[in-house]
Amino acid sequence: MVLHKKTVSLVALFLLLLVISSNYVLYHSSFGLQSLPGNFNGVVVGSILDLSLVAPLLFLAWQRKFSLKYFIVLMATGLIAARFIIPSEYLASFQSVMWLGVGIEGVLILFELSLLFMLVKNVPPILRRIKSSSLPLLFSFSRAVNEKFSKQPFIHVLCSEMLMFYYAFGTWKKQPSTEENTFTLYKRSSFVTFQIMIIHAIVIETLGLHWLLHNTSIILSIVLLILNIYSIVFFIGDIQALRLNPLRVEEDRIYVSFGLAKRMEISFKDIEEIIEDTHTLKQKIPSTTIEFIARDFETVHPDLLLTLKSPVEATLFMGIKKKYQQVAIRVDDPHAFKKIVKERLEKNKQNM
């Protein structure tokens, strides 16, 4: 069933890229322009439907996330994309449809600006809540935002970006916690070194591509420049978040995060079983399992696998929420980690 869902998702992504690329080639290549009929209105209508209806549906199928609000946003985005993909001389008869997309996006932007205003207004109480909390910042910040904006995905995405910039630029004087109940996840690997290598590769690629594309397509060169700068900021923030937020074992729960990519709060009362069997740990990890494992060029396996009584929610990149049945963890001091987890788990069972 899981394999079937992945196959459907990959097929949807392939078809999405095919729809967008074929429409672009149709209007921006000599072959495509030559294939246009004399009365091109029918072709333009087909392209508009492709970009505003078919592409959003394929995108939703790829993401496996279906909601009416999301679909309307994607439709409006498709109409705006059509203004850039289809030359203006072909859109003369469809200006009202194009402006519909701009209007929808405008309304959504105003709504999001109002949410942004509410966030700014609530920054002082959120900061007070964070300062009064003993939790790691990734968790205390998320909890404080959830108390104020529990059902606002835009706010959660924005706060995720705020965390990225904070860790990338505002944490260089901070030192990671060295308490006995904290465990780092990356020192037994070359993960951080690998991340730094990626940053160097992006910098070299940025300089080379920007120079090559600057004279041929200034817009494309600027877009790629912005995306690459964003990627560099993300990797720097991710490294800092990984360093400064070690796994923490409290009396009743575990706080575990892996940089900015994912984090999870696991209560001991939700743990069904701790799996340490080497043969089981070396098997392929199913998609219902979230990994907190620093991977590099070598094949590594978790130190233990926590099986949960019922799926528990984790927070992924951009504030996306997803539930998992198992948690695979690999730390730098596995013996001490296993000992404290077993002790706390047994203690919580006795108190239940």
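Our structure's up above, just so we're on the same page.
Thresholds, definitions, all that
Residues numbered from 1 in each chain as written. Predicted model: local features only at pLDDT ≥ 70, side-chain atom pairs only at ≥ 80, totals over all residues. Heavy atoms only, no water. Axes fitted to C-alpha atoms, helices over the stretch in contact; angles between N-to-C directions. Helix = DSSP H or I, 4+ residues; strand = E, 2+ residues; numbered from the N terminus. Parallel < 35°, antiparallel > 145°, perpendicular 65-115°, else oblique. Left-handed = near helix turned anticlockwise from the far one by under 90°. Contact = heavy atoms within 4.5 Å. Nonpolar A, V, L, I, M, F, W, Y, C, P; charged D, E, K, R; others polar. Phe/Tyr/Trp six-rings, centres within 6.5 Å; stacked < 30°, edge-to-face > 60°. Buried < 20%, exposed > 50% of the residue type's maximum accessible area, 1.4 Å probe, protein only. Polar contact = N/O pair within 3.5 Å; in protein donor to acceptor, adjacent residues only side chain to side chain. Patch = residues over 30% accessible without salt bridge, like charges linked within 9 Å, V, L, I, M, F, W, Y side chains within 5 Å. Areas by Shrake-Rupley, 256 points an atom, 1.4 Å probe, with all protein chains shown as cover. Salt bridge = Lys/Arg side-chain N within 4 Å of Asp/Glu carboxyl O.

1. Considering the packing of helix 6 (residues 123–131) against helix 7 (residues 137–148)
Direction vectors running N to C along helix 6 and helix 7 enclose 140°, while the axes themselves pass 9 Å from each other. For the element pair helix 6 / helix 7, the angle class is oblique. In this structure, the crossing between helix 6 and helix 7 has a hand that is right-handed. On the side of helix 6, the interface is formed by P125, I126, R129 and I130, while helix 7 contributes L137, S140, F141, R143, A144, V145, E147 and K148. Residues that form the contact of helix 6 with helix 7 fall into these classes: 7 nonpolar, 1 polar and 4 charged.

2. Considering the packing of aromatic side chains
Any two aromatic rings considered together are summarised by their centre-to-centre distance and by the angle between their planes. Summed over the entire model, instances satisfying the criterion amount to 8 aromatic pairs. Their ring planes at 70° and their centres at 5.1 Å tell us that F234 and F317 sit as a pair that is edge-to-face. Taken together, the positions of F234 in helix 10 (residues 218–244) and F317 in the loop between strand 7 (304–316) and strand 8 (321–329) put the pair 83 residues apart, joining distant regions of the chain. For F234, a relative accessible area of 15% puts it in the buried group.

3. Things to note about the side chain of S189
Following the sequence through the fold, S189 ends up in the loop between strand 1 (182–183) and helix 9 (191–214). Residue classification places S189 among the buried positions, given a relative accessible area of 16%. Reaching out from S189, the side chain makes a polar contact with the backbone oxygen of Y186 at a distance of 3.0 Å. Contact partners of S189, with chain neighbours within four places excluded, come to A294 and D296.

4. Describing the environment of G319
Here G319 lies in the loop between strand 7 and strand 8. Through-space distance from the C-alpha of G319 to that of H156 is 5.4 Å; in sequence the pair is 163 residues apart.

5. Here's the deal with a nonpolar patch on the surface
Residues I218, I219, I222, V223, I226 and L227 make up a contiguous nonpolar surface patch of about 550 Å² in total accessible area. As for its placement among the helices and strands, I218 is situated in helix 10.

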